[in-house]
Amino acid sequence: MSNSVDRPPALTGKALEERVLGLISEDELVALTAALVAAGGENPGGTEEATVEVLKAFAVGAGLEVSTDTVAAGRPNFTAVLPGRPQEGGVQPGILFLGHSDVVPAGTGWERPPFEPYVRDGRLFGRGSTDMKGGLAAVLVALKALRDAGAQLPGNAALACTVDEEDLGIGIRAYTAAALADPDFSYSACVVAEPTDLETVIGCRGDSYIELKVTGKSAHSGRPADGRNAIDAAAKILALVREDHGRLQSELDPLLGAGTWNIGLIRGGTGTSMVAAECTVSLDRRLMPDDDASLILDKLRAQISEAGIDSDGITVEAEVTMEMPGFRTPQSHPLVANAVAALADAGVTSAVTGWTAACDGGFVARDLGVPAIVMGPGGLNDQAHQVNESVSIDEIVAAARAYALMCLRHGNG
């Protein structure tokens, strides 16, 4: 007599968009974000496994295709896919959403326990709420709404959630390596759901860590000439670093500024009355999209030698221990227009801007050749990594609505 009501009748265009948006539930978004916050995932100090279990349970319940890839003990990358419909010639390249499951350590000074989320004045509080559990929840709820509405996308829509973004990036490296080896990996756009206050970020600086170990010779401080002072030598190297930092600031890019040096850690010596035989220095070098950390280190090594610092009993060892590439997507790219229009239809006027921070999107752009933007709920500068971190519930809702609209419109002109 009547057809099954398990699936709604097929809709297209504005009618389908209205159906999808109507299925995005604020209560569901708040509940999922809170569950993700409660799962923790401090890095360093814990693992991301509990967070991935929350993501997996929701995605399976939403009818998405789910997979995990264990990168290290207790540290699984997670992927959830809403498959596109097969067309002549196969499924079209899809849209990839990117996030991370770890959070920075909570620290002290919170007004309430940092992993016991609560809502107040339209905001959800807890470590990771902004960076970036709210963004993860928005993507999954958007994908669920698309499936529940019976949307037939021309390409896959997926969330890839990696581990270890807040430290050495082992998760994104494993993800891109697997993607390169996967003949079915096919995406033409990447949206990193990191907190941008829902601005559309089309370029990011990258980051790198450079570790220096300076070795000299110990001696009694009453006869310092008998030794070779590693701290003195390190100070000369840091003078070169400061000089280069100043040079970089004289050539500012209008979108991203310039590369920067920061001296993050320094350790040396064993006693005040001894010539320091060792000194180690940890440097943070922010990268422009075309920068290569290994070439920057080669230049620094050459400057050290030209200055004669690594001579007369002083040796200098140096290595890049972490590199996260930057990226830049042209403002004219259809992905940018799609994001801005989707946000507008979700009630948000979005500025198109750049980011001085770094994110995993650079790996997707560089290694996989997929154009990327960053756009997500929450504030990077006023909430991420802060005590009493929180995210606006209205922003999570708007992000989920915009993500869903972007999926519906991707590849359709």
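Scope of this entry: the structure provided in the associated data block.

Basis of the calculations
Residues numbered from 1 in each chain as written. Predicted model: local features only at pLDDT ≥ 70, side-chain atom pairs only at ≥ 80, totals over all residues. Heavy atoms only, no water. Helix = DSSP H or I, 4+ residues; strand = E, 2+ residues; numbered from the N terminus. Rg over C-alpha atoms; globule rule 2.2 N^0.38 Å. Buried < 20%, exposed > 50% of the residue type's maximum accessible area, 1.4 Å probe, protein only. Areas by Shrake-Rupley, 256 points an atom, 1.4 Å probe, with all protein chains shown as cover. Lys, Arg positive; Asp, Glu negative; His and termini not counted. Charge placed at Lys NZ, Arg CZ, Asp CG, Glu CD. Salt bridge = Lys/Arg side-chain N within 4 Å of Asp/Glu carboxyl O. Pairing = 2+ DSSP bridges. Axes fitted to C-alpha atoms, helices over the stretch in contact; angles between N-to-C directions. Contact = heavy atoms within 4.5 Å. 1 Å grid on protein atoms, 1.4 Å probe; cavity = no way out; pocket = protein on both sides within 12 Å on 5 of 7 lines; lining within 4 Å. Points joined across faces, edges and corners; volume = space filled by probe spheres on them. Nonpolar A, V, L, I, M, F, W, Y, C, P; charged D, E, K, R; others polar. Phe/Tyr/Trp six-rings, centres within 6.5 Å; stacked < 30°, edge-to-face > 60°. Lys NZ or Arg CZ within 6 Å of the ring centre and 35° of its normal. Disulfide = S-S within 2.5 Å.

## Observations concerning the overall build of the protein
- The helix and strand inventory of the protein stands at 10 helices and 16 strands.
- Here the protein has a C-alpha radius of gyration of 24 Å; the compact-globule value for 413 residues is 22 Å, and the two agree.
- In terms of its C-alpha atoms, the protein occupies a principal-axis envelope of roughly 100 × 45 × 35 Å.
- For the protein, with 413 residues in total, the buried portion stands at 50%.
- Carbon and sulfur atoms provide 50% of the accessible area of the protein, an area that totals close to 17900 Å².
- Across the protein, the 31 positively charged side chains and the 55 negatively charged ones have centroids separated by 2 Å.

## Examining the pattern of salt bridges
- If you walk through the whole model with that rule in mind, you get 19 salt bridges.
- The partner of D164 in a salt bridge is R75, and the shortest N-O contact between them spans 3.3 Å. With D164 in the loop between β6 (155–162) and α5 (170–180) and R75 in strand β2 (residues 75–82), this pair connects stretches of sequence that are 89 residues apart. Just as D164 is buried, R75 falls in that class too.
- Look at the salt bridges and you will find they share partners, linking K14, E17, D345 and R409 into a network.

## Overview of the pairing of strand β1 (residues 65–72)
- Inspection of the sheet shows β1 paired to β2 by seven bridges, in the antiparallel sense. Looking at the pairing, E65 lines up with V81 of β2.
- Counted along the chain from β1 to the antiparallel partner β2, the turn is two residues long, and its residue G74 has a positive phi close to 70 degrees.

## Structural notes on the sheet that holds strand β4 (residues 118–120)
- Overall, antiparallel pairing links the three strands, which are arranged β4-β5-β16 in an open sheet. Only two strands of the sheet have a single partner each, and these edge strands are β4 and β16 (390–392). With direction set aside, neighbouring strand axes in the sheet form an average angle of 30 degrees.
- The sheet contact formed by strand β5 (residues 123–125) and β16 spans three bridges and is antiparallel. Note that in β16 the partner of R123 across the bridge is S392.
- Of the strands in this sheet, β5 and β16 are in contact with helix α4 (residues 129–148), which crosses β16 at around 45 degrees.
- Docked against the sheet, helix α10 (residues 393–409) engages β4, β5 and β16, running at close to 60 degrees with respect to β16.

## A look at the sheet that holds strand β9 (residues 206–215)
- Overall, antiparallel pairing links the four strands, which are arranged β10-β11-β9-β12 in an open sheet. With partners counted over all chains shown, the strands left at the sheet margins are β10 (260–268) and β12 (315–324), one partner each. Each strand of the sheet is rotated relative to its neighbour by a mean of 15 degrees, with strand direction disregarded.
- Relative to β12, β9 runs antiparallel, the two sharing nine bridges. Bridging across to β12, S208 finds its partner in E323.
- Relative to β10, helix α6 (residues 230–249) is tilted by about 170 degrees, and along the sheet it contacts β9, β10, β11 (278–287) and β12.
- Against the sheet, helix α7 (residues 293–306) touches β9, β10, β11 and β12, its axis set at about 160 degrees to β12.

## Focus on empty space enclosed by the protein
- For the coordinates displayed, the defined rule picks out two cavities of 30 Å³ or more.
- Put simply, the largest cavity is a space of about 50 Å³.
- Looking at the largest cavity, the residues that line it are W110, E111, R112, P113, P114, E116, P117, Y118, F125, G126 and N388.
- A per-class count over the lining of the largest cavity returns six nonpolar, two polar and three charged.
- Approximately 40 Å³ is the volume attributed to the second largest cavity.
- Taken together, G94, I95, L153, P154, G155, N156, A157, C407 and H410 make up the full set of residues lining the second largest cavity.
- Residue assignment for the lining of the second largest cavity shows that the elements contributing at least two residues are β3 (92–100) and β6.
- Residues of the lining of the second largest cavity, tallied by class, amount to five nonpolar, four polar and no charged.

## Description of the packing of aromatic side chains
- Throughout the structure, instances matching the rule amount to four aromatic pairs.
- Of note, R112 hangs over the ring of Y118, and the distance from its end group to the ring centre comes to 3.9 Å.
- In this arrangement the basic side chain of R120 is found over the ring face of F125, its NZ or CZ atom lying 4.8 Å from the centre.

## Observations concerning helix α9 (residues 361–368)
- What α9 keeps buried is the set G361, G362, F363, V364 and L368.
- Elements that come into contact with the buried residues of α9 comprise β3, α5, β7 (187–192), β12, β13 (327–328) and β15 (372–374).
- Downstream of α9 by a residue or two, G369 has a phi angle that is positive, lying close to 70 degrees.

## Side note on the state of the cysteines
- One pass over the structure, following the stated rule, counts zero disulfides.
- Between C161, a free cysteine, and C190, which holds the nearest cysteine sulfur, the sulfur-to-sulfur gap is 13 Å.
- Take C204: it sits in no disulfide, and the sulfur closest to it among the cysteines is that of C359, at 4.1 Å.
- With relative accessibility at 1%, the residue C204 sits in the buried group.

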